[in-house]
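One-letter residues, chain by chain:
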Amino acid sequence: MSKVKKIKENDFLSISARIRVLETKLLTAERMERMIDAKDANDAAKVLGECGYPDLPEVTFPALEAMLADAQAALFADMGKAVGNDDLIDVFRCKYDYHNAKTLVKAEALKLDQDRLLLGGGRYAPAELAEDYRKEDLRAYAETFQEAIAHAREVLGSSGDPQQADIILDRAYFQELAALANQSGSKFLEGYVTTLIDGANLRSAVRAARLDKAGEFLRSVLVEGGSVSPDAIAKAKGSELGKVFKDTAFKAAAEAGAALAVPNGGSLTDFERMCDNAVMAYLARARTIPFGEQPVVAYLYAREAEATAIRIIITGRMAGIDGNTIRQRLRRAYC
């Protein structure tokens with residue numbers, strides 16, 4: 001395991017000041033409204049110029065994804081160079097690696113070539129990961145990552161159940177996040193990862209209750225590292241989730257989820273949005289901190305949330321979805 005870094009606030013003086021300027025270009029609630037109310041998807045995309053995105057000569061899904069992928073790559077390269085703390089940046093890159101791992105494991109089981117579904121933005125180049133996976137040589141990768149892939153590969157091969165492979169890789173993903181956050185030396189980043197785990201466990205509890213699959217199944221999908229223990233969540237009935245999460249940022253989301261934690265419990269749209277908003281509320285604390293690693297962490301998440309909002313709005317406009325439905329799918333903006 002890498003040595004835990006010692007963070008000094010003065011190390012972030014320059015980047016913190018620059019992030020305050022960059023925050024003015026984020027997709028605000030006001031800009032989202034203008035995109036939703038624009039004449040069409042092309043006019044909606046023009047608003048993104050104010051956020052620093054290039055013009056899209058033609059608004060198509062592939063063009064949109066290419067633009068967002070380029071922006072993400074540039075963001076990680078810029079922040080990585082400016083921050084000099086790989087663990088801090090890797091917390092945000094890690095999920096793309098695990099998406100790619102899931103894709104490769106399932107594609108192998110189905111005997112399909114799914115390389116087009118691999119995503120950039122992770123710690124490992126997708127093409128190299130795919131090549132090394134097929135050669136069964138992952139020695140150059142993080143130990144937790146390679147062990148999880150080997151285990152998922154074995155379980156899917158023997159059981160034929162892709163959900164079991166996902167559970168193995170999801171558990172490893174959160175384990176790596178916790179380790180990276182700890183190694184970064186940032187208590188704020190550790191709190192962010194704890195918040196993510198709380199949200200993931202709450203979602204799992206609600207979904208398991210809706211499928212009437214509590215007990216052993218729920219215990220198998222819950223992960224360690226949150227502020228609420230998996231044991232407490234597993235023992236609670238769906239209707240008790242509000243009490244279990246009452247001392248967390250997910251209190252309101254858990255209360256909403258408790259009402260839905262029954263078979264055929266209704267739409268999860270509002271519940272999912274409340275979970276995401278709880279994460280954003282945690283990160284919004286960084287806006288009151290003048291300098292340090294906190295503004296960097298919050299900005300990285302804000303850009304991730306921005307990309308999601310752009311996809312929701314632009315694809316919604318392309319599909320002719322009405323403005324109110326699009327608004328219901330959007331999460332709280334950072335600014």
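Nothing here was measured: the structure is a model prediction, and the numbers come from that model. The numbers attached to residues start from 1 for each chain and follow its sequence in the written order. The predicted nature of this model means local features are confined to residues of pLDDT at least 70 and side-chain atom pairs, given and counted, to a pLDDT of 80 or more, with totals for whole chains, interfaces and linings taken over all residues. Where side-chain values are given, they derive from all heavy atoms of the structure, hydrogens and water being excluded.

Peer 1: How do you make sense of the pattern of salt bridges when you look at a structure like this?
Peer 2: Should the charged atoms of two oppositely charged side chains come close, the side chains can pair. Throughout this description, the term salt bridge denotes a Lys or Arg side-chain nitrogen within 4 Å of a carboxyl oxygen of Asp or Glu. The final tally for this structure, using the stated rule, is 30 salt bridges. Salt-bridge contacts for Arg327 lead to Glu33; the nearest nitrogen and oxygen are separated by 2.9 Å. Placement of Arg327 in helix H16 (residues 323-329) and of Glu33 in helix H2 (residues 29-37) is noted, with a sequence separation of 294 residues between them. The exposure class assigned to Glu33 is partly exposed, which follows from its relative accessible area of 33%. Among the ionic pairs, Lys246 bridges to Asp247, the shortest N-O distance being 3.2 Å. To sort residues, take the accessible area from a 1.4 Å probe on protein chains only and compare it with the maximum for the residue type: under 20% means buried, over 50% means exposed, and anything in between is partly exposed. By relative accessible area, which is 45% here, Lys246 ends up partly exposed. Note on Asp247: relative accessible area 69%, which makes it exposed. Counting from the N terminus, the helices are the DSSP runs of H or I reaching at least four residues and the strands are the DSSP runs of E reaching at least two.

Peer 1: Sorry, what's going on with the packing of aromatic side chains here?
Peer 2: Each aromatic ring pair is specified by the distance between its two centres and by the angle formed by the two planes. Any two rings among Phe, Tyr and Trp, with Trp reduced to its six-membered ring, count as a pair given centres within 6.5 Å; such a pair is stacked if its planes are under 30 degrees apart, edge-to-face if over 60, and tilted if neither. Overall, the coordinates contain 9 aromatic pairs when judged by the stated rule. When the centroid spacing of 5.8 Å and the interplanar angle of 70° are considered together, the rings of Tyr192 and Tyr301 count as edge-to-face. Here the residue Tyr192 occupies a position in helix H9 (residues 187-210), and Tyr301 occupies one in helix H15 (residues 293-318), the gap between them amounting to 109 residues. Pair check on accessibility: Tyr192 and Tyr301 agree, each one buried. Feature note: the residues Tyr98, Tyr124, Tyr141, Phe145, Tyr173 and Phe174 constitute an aromatic cluster, connected by ring pairs. Above the plane of the ring of Phe217 lies Lys213, whose end atom (NZ or CZ) is 4.1 Å from the centre. To sit over a ring, a charge needs its Lys NZ or Arg CZ within 6 Å of the ring centre and within 35 degrees of the ring normal.

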